[in-house]
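# Fold and contact review
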Amino acid sequence: MPCEKYNGNMYSTEFRVPKMIEESSFSTSNPDSANFFLVKHYSTCHYHECLSTLTESEKPEVCKKRTETYVREILRFIKQEYPYWNITPANHLLIFSWDLASGILGSDKAIREEIRDAIHLTTLGSVSF
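First, a word on scope: everything that follows refers to the structure included in this document. (Residues numbered from 1 in each chain as written. Predicted model: local features only at pLDDT ≥ 70, side-chain atom pairs only at ≥ 80, totals over all residues. Heavy atoms only, no water.)

Another point: the state of the cysteines. Under the definition given, this model contains one disulfide. Residue pairing for Cys50: its cysteine sulfur links by disulfide to Cys63, the two sulfurs lying 2.3 Å apart. Note on the Cys50 and Cys63 pair: the S-S dihedral is about -85°, so by sign convention the disulfide is left-handed. Of this pair, Cys50 sits in helix α2 (residues 43-53) while Cys63 is found in helix α3 (residues 61-81), placing the two residues 13 residues apart along the sequence. On the basis of relative accessibility, which here comes to 6%, the residue Cys50 falls in the buried class. Given the relative accessible area of 0%, Cys63 is considered buried. (Disulfide = S-S within 2.5 Å. Helix = DSSP H or I, 4+ residues; strand = E, 2+ residues; numbered from the N terminus. Buried < 20%, exposed > 50% of the residue type's maximum accessible area, 1.4 Å probe, protein only.)

For the rest of this paragraph, the subject is the pattern of salt bridges. What the rule picks out here adds up to eight salt bridges. For Glu61, the salt bridge identified is with Lys64, shortest N-O distance 3.9 Å. One end of the pair is Glu61 and the other is Lys64, both in helix α3 and three residues apart, which spans about a single turn. Glu61 sits in the partly exposed class, given a relative accessible area of 48%. With a shortest N-O distance of 2.4 Å, Glu114 and Lys79 are connected by a salt bridge. Here Glu114, found in helix α5 (residues 109-115), pairs with Lys79, found in helix α3; they are 35 residues apart in sequence, far enough to count as distant. (Salt bridge = Lys/Arg side-chain N within 4 Å of Asp/Glu carboxyl O.)

Honestly, it's all geometry; don't read function into it.
Written out as structure tokens, the structure is:
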């Protein structure tokens, strides 16, 4: 994902904050000693890249659907490979640097319900369910 082009604006938080966390003394690679789990995803980058490839008539709902699918696949992988989400999603951090936070996922109620209890880090303080 060519997210680097967003470097310096609010959209860059979805790749800059994880890097800062990973480089800090608070980060651990041992999940049994972790208090929180960062769910890395680049949904804003994914959404904007989609917008740049579609015609005007296809935007933005097509890109929201594609972004929903992208995040759903990440969550599916996490649930299958790691037991921690299934214990409690409330200690999982999701960064949404889009203006309307998780609104980037469109209106899919199933995915909204799935991430509802996770912690949403947003640049504007918006939370949409």
